[in-house]
Amino acid sequence: MSHILKGELIRPLQIKASPLERQFYDIPTLELAKSLLGCLLIKETEEGVASGFIVETEAYLGPEDRAAHTYNNQRTKRTDVMFRESGLVYTYVMHTHCLVNIVSGGPEKPEAVLIRAIEPFTGIDLMKKRRGMADIKKLTNGPGKLTKALGISMEDYGHCIAEPPLFISKGFQPEEISQGKRIGIDNSGEAKDYPWRFWITENPFVSRKNNR
DNA sequence: TACGTGATGCCC
DNA sequence: GGCATCACGTAG
């Protein structure tokens, strides 16, 4: 298994895709958002397995963050899982798209990391089929795109990310990480300027080009 | 750049 | 019911 980018092999030929243990997620949310960059996100379905390296994340910091669904400790049927242990999957629907988050902060703090983009690795043909397009650069460069490509849906709500069929494994170590404002939260007062979006510098599969 | 889409939750 | 939201695809 190889992975080609810009005509060169830049990823390991083989990756042991074994789930990171749940304790991996017991760190502060901003650190988790950075630590997840370069990790491999994998979904196994009856259709097949598809995976990609996480290249862009955003942190949402619970009751103090006006952009977070749990602002002011709002607990609804939708946000309930964010009040539980770190490492669970928080999926929600935005318009016609499903977005995937990893719960963080522990039961005391309802926080999460949104996965905004991945770099396709395995199961690329399956991802193309699910997305109905062939351009690899646009397969998974957005939070709604990557869930469709991997087959992630509301059925994954509350699943533990340390267990198949949806899990995260060690990937590669990013050379450099960039940081900037989050996307699509213009109506969130001061919170819109918090620099809680992280991405792998110069990676071609992030959802947007650098904005700081 | 602008619009239609149509899950979810909150505010009437 | 009406409106806003952590998008995306298509048309112009």
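Being a predicted model, the structure only gives us computed values, none of them experimental. (Residues numbered from 1 in each chain as written. Chains lettered and ligands numbered in written order. Predicted model: local features only at pLDDT ≥ 70, side-chain atom pairs only at ≥ 80, totals over all residues. Heavy atoms only, no water.)

**Focus: helix α3 (residues 143–150)**
Part 1 of the argument: Judged by how many residues are buried, α3 sits mostly within the fold: six of eight residues are covered.
Part 2 of the argument: Among the residues making up α3, those that are buried are P143, G144, L146, T147, A149 and L150.
Part 3 of the argument: Buried residues along α3 sit in contact with β3 (40–45), β4 (48–60), β6 (97–104), β7 (111–122) and α2 (124–131).
Part 4 of the argument: Looking one or two places after α3, you find G151, whose phi comes out positive at around 80°. (Buried < 20%, exposed > 50% of the residue type's maximum accessible area, 1.4 Å probe, protein only. Helix = DSSP H or I, 4+ residues; strand = E, 2+ residues; numbered from the N terminus. Contact = heavy atoms within 4.5 Å.)

**Points about the pattern of salt bridges**
Part 1 of the argument: Applying the stated criterion across every chain, the model contains eleven salt bridges.
Part 2 of the argument: As a salt-bridge pair, K43 and D156 come within 3.1 Å of each other at their nearest N and O atoms. Of this pair, K43 sits in strand β3 while D156 sits in the loop between α3 and β8 (162–163), placing them 113 residues apart in sequence. Considered together, K43 and D156 belong to a single accessibility category, that of buried residues.
Part 3 of the argument: For D193, the salt bridge identified is with K192, shortest N-O distance 3.5 Å.
Part 4 of the argument: Under the relative-accessibility criterion, K192 is labelled partly exposed at 31%.
Part 5 of the argument: In this structure, a network of salt bridges that share partners links the residues E56, E58, R116 and R197. (Salt bridge = Lys/Arg side-chain N within 4 Å of Asp/Glu carboxyl O.)

**Thoughts on the protein's contact with DNA strand B**
Part 1 of the argument: All residues in the neighbourhood of DNA strand B are listed as Q74, T76, K77, R78, V93, H95 and T96.
Part 2 of the argument: Among the atoms of DNA strand B lying within 4 Å of the protein, the sugar-phosphate backbone contributes 68%.
Part 3 of the argument: Measuring from a phosphate oxygen of DNA strand B, one finds a side-chain N or O atom of Q74 at 3.4 Å.
Part 4 of the argument: Class assignment of the residues belonging to the surface near DNA strand B gives a composition of one nonpolar, four polar and two charged. (Near = heavy atom within 4 Å. Polar contact = N/O pair within 3.5 Å; in protein donor to acceptor, adjacent residues only side chain to side chain. Nonpolar A, V, L, I, M, F, W, Y, C, P; charged D, E, K, R; others polar.)

**Topic: the packing of aromatic side chains**
Part 1 of the argument: If you walk through the whole model with that rule in mind, you get six aromatic pairs.
Part 2 of the argument: Ring centres of F53 and F121 lie 4.7 Å apart, and the angle between their planes is 55°; this geometry places the pair in the tilted category. One end of the pair, F53, is in strand β4; the other, F121, is in strand β7, with 68 residues separating them in the sequence. The residues F53 and F121 share a single accessibility class, namely buried.
Part 3 of the argument: Ring geometry for Y90 and Y157: centres 6.3 Å apart, planes at 75°, overall edge-to-face. One end of the pair, Y90, is in strand β5 (residues 89–94); the other, Y157, is in the loop between α3 and β8, with 67 residues separating them in the sequence.
Part 4 of the argument: Looking at Y90, the relative accessible area reads 1%, which means it is buried.
Part 5 of the argument: Given the relative accessible area of 28%, Y157 is considered partly exposed. (Phe/Tyr/Trp six-rings, centres within 6.5 Å; stacked < 30°, edge-to-face > 60°.)

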